[in-house]
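Coordinates in review
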Amino acid sequence: MSTPLIHGKDGIYTSPRDPISLPKDPTVSMISFLFRDIAAISKIPALVDAETGYTLTFSDLRTQVFKLSQALLNLNISKNDVVLILSPNSILFPVCFFAIVNIGAIAATANPQYTVNELAKQVLDVNPRLIITIHEHYDKIKNFGLPCVILSPKTSTFVDRKANSPIWYYQELIKSDDTPEVLTWPLVLQTDAAAILFSSGTTGSSKGVVLTHRNFISSALMSTSDQDTFNDPKNVFLCFLPMFHVFGLSTILYAQLQRGNTVVVMARYEIEKVLMAIETYKVTHLYVAPPVIVAFVKQSEIVKMHDVSCLREIGIGAAPLGKDVMEECAKVFPQAAVYQGYGMTETCGAISIESRKAKTSRPSGSTGVLDPGVEARIIDTHTMKPLPPSKTGEIHIRGSNVMQGYFKNEKATNETIDDQGWLHTGDLGYFDEEGQLFVVDRIKELIKCKGFQVAPAELEELLLSHPKIKDAAVIGLADAEAGEVPIAYVVPSFINSLTEEEVKNFIAKQVAPFKRLRTVIFVDDIPKSASGKILRRELRQKLMSKL
């Protein structure tokens, strides 16, 4: 590894990891890169359905991707056309995604939990030529007047006789048995757009993030740069994080498949089913969002009922998680390395990650050092000047993984990416003297109390350390005297097991006076995005409706 540049010229931090080598040929797409060593991995399981055990080898995956690619061309889907995928996780999700981008079209993904109105807005934004979905979600999109492909494991008898647009079935589209080994696809460049993923919109309306083939290849190489070997059949990843989100799609699915690793696919997270899948398929690597770690810690007795000794690594991302909770998780899984990473939709996932090799070290609470090829700087939000180690400011990122921009939103793009190529993340953080990056919170989520800044994530970490608290979220409440005061939404482990005063006193003993909770509201659950980020905007709206 190279020597870390802790605070170099212009306050730029670089990665101590060995650099990645991107394909020099501009015509190498993310699909040709994915299957670049197909001969060596053809018989290795690529995708496994956790519920049924149905498996696609890498050879099978390539065949199905190529068949669907040809079918899409036959449906007159052309380069740069947008195809919208509205589906939960399944083996067919990556087949569809890869087939779309293979022909130079652009895959847009939608959250299956979206309402008709939310989907209508997204359809209006991206103007897709085709929608790929499942029977259960067809009613949501049937009135959009767009052609549709229904995903089904076999030819279905489902027919919408009132449909105004054509409907095809996946199995019918790929039923041809004669798929030649060499096919001619539209010319696709690394700089071409591959996907439009919508940011979570936790603090405002979501925006379409345009990611290129080069972004995906870069992020994949960054994410797997310190894995031990290529094409190790013993590397098995479990993916229940949604594939419509960058964490599931880029960091798990694409990054691991291009490495020759196996991905076991689950439709959704359920703690019992996750533990059963780990045991059944000998899962070695698990990537999760913080709520899953909290569940493992709070329900450790359930974990002990399963043989999870095969699990070697647990990677955490999507939102900051304190080291105390990580240390508790490490006790639940003593044989596994527990580490944290940091990424964004706008960086195709990868930014920084803790070392996977330090299996005996204690979690630091940092998100590790920068991924190879990533540059960063910490900028004072008032002076806009770079800051030295241990000083908190806005995190700026630059690298080949940074998005092309926001879809048809030049104003938002220019506000986010400056003329030097720096992505202004909107996240607050700092580097320590060893080059470890600590993410504190979102700038827009900071609570300004009596002139001091209060990070909700800090209070949430303390709340989650309470044995009787299952989940928690903190937001700011406008106050005439203090400006804002912190209030907490708390999910107790058991009904009526806590009082407001108990929670207030628990926090008051551990923080400065300006950080003390003004109000505690007990709720059944905390609203979160699909990636596990707290939807504070919803909590604020709920609070305002009661005032």
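Residues numbered from 1 in each chain as written. Predicted model: local features only at pLDDT ≥ 70, side-chain atom pairs only at ≥ 80, totals over all residues. Heavy atoms only, no water.

**Some words on the overall build of the chain**
When helices and strands are counted, the chain shows 17 helices and 26 strands. For 547 residues, the compact-globule estimate of 2.2 N^0.38 gives 24 Å, and the chain sits close to it at 23 Å. Structurally, the chain occupies a C-alpha span of about 70 × 55 × 50 Å along its principal axes. With 547 residues in all, the chain has 57% of them scored as buried. When contacts within the chain are restricted to residue pairs at least 6 apart in sequence, long-range pairs at least 24 apart make up 67% of them. Put simply, the chain shows about 23,700 Å² of open surface, and 51% of that area lies on carbon and sulfur atoms. The centroid of the 56 positive side-chain charges in the chain is displaced by 1 Å from the centroid of its 59 negative side-chain charges. (Helix = DSSP H or I, 4+ residues; strand = E, 2+ residues; numbered from the N terminus. Rg over C-alpha atoms; globule rule 2.2 N^0.38 Å. Buried < 20%, exposed > 50% of the residue type's maximum accessible area, 1.4 Å probe, protein only. Contact = heavy atoms within 4.5 Å. Areas by Shrake-Rupley, 256 points an atom, 1.4 Å probe, with all protein chains shown as cover. Lys, Arg positive; Asp, Glu negative; His and termini not counted. Charge placed at Lys NZ, Arg CZ, Asp CG, Glu CD.)

**A closer look at the sheet that holds strand β19 (residues 405–406)**
Within a sheet, each strand pairs with its neighbour through backbone hydrogen bonds, oriented either parallel or antiparallel. Spatially, β7-β6-β5-β3-β4-β8-β9-β19 is the arrangement adopted by the 8 strands of the open sheet, whose pairing is mixed. Each edge of the sheet is formed by a strand with only one pairing partner; in this case those strands are β7 (167–169) and β19. With 2 bridges connecting them, strand β9 (residues 208–212) and β19 associate as antiparallel partners. Looking at the pairing, Val-209 lines up with Tyr-406 of β19. Here helix α8 (residues 213–223) sits on the sheet in contact with β8 (193–198) and β9, set at roughly 75° to β9. (Pairing = 2+ DSSP bridges. Axes fitted to C-alpha atoms, helices over the stretch in contact; angles between N-to-C directions.)

**So, the pairing of β8**
When you tally the buried positions in β8, you get 6 out of 6 residues, the bulk of the element. The pairing of strand β4 (residues 106–110) with β8 spans 2 bridges and is parallel. Bridge pairing links Ala-107 to Ala-195 in β8. Of the pairings in the sheet, the one linking β8 to β9 comprises 5 bridges and is antiparallel in character.

**A short note on the confidence of the model for the chain**
Chain-level statistics for the chain give a pLDDT mean of 87 and a share of 90% at 70 or above. Across the chain, the secondary-structure element scoring lowest on mean pLDDT is strand β23 (residues 452–454), at 75, and the one scoring highest is strand β3 (residues 82–86), at 98. (pLDDT = per-residue confidence, 0-100.)

**Considerations on the side chain of His-213**
You can see His-213 is positioned in helix α8. Classification of His-213 by relative accessible area gives buried; the value is 0%. Beyond its immediate sequence surroundings of up to four residues, His-213 is in contact with Ser-29, Met-30, Val-101, Val-188, Leu-189, Gln-190, Asp-192, Ala-193 and Ala-194.

**As for the packing of helix α4 (residues 92–102) against helix α9 (residues 246–257)**
At a minimum axis separation of 12 Å, α4 and α9 run at an interaxial angle of 80°. One finds that α4 runs roughly perpendicular with respect to α9. Residue-level contacts link Phe-93, Pro-94, Phe-97 and Phe-98 of α4 to Leu-249, Leu-253, Tyr-254 and Leu-257 of α9. Grouping the amino acids of the contact of α4 with α9 by side-chain chemistry returns 8 nonpolar, no polar and no charged. (Parallel < 35°, antiparallel > 145°, perpendicular 65-115°, else oblique. Nonpolar A, V, L, I, M, F, W, Y, C, P; charged D, E, K, R; others polar.)

**A word on the sheet that holds strand β20 (residues 423–431)**
Spatially, the 4 strands line up as an open sheet ordered β17-β18-β20-β21, and their pairing is antiparallel. A single partner strand is all that each edge strand has here, and the edge strands are β17 (375–379) and β21 (437–442). With direction set aside, neighbouring strand axes in the sheet form an average angle of 45°. When strand β18 (residues 393–398) meets β20, the two strands line up antiparallel, connected through 4 bridges. Residue pairing across strands places Ile-397 opposite Leu-423, the latter belonging to β20.

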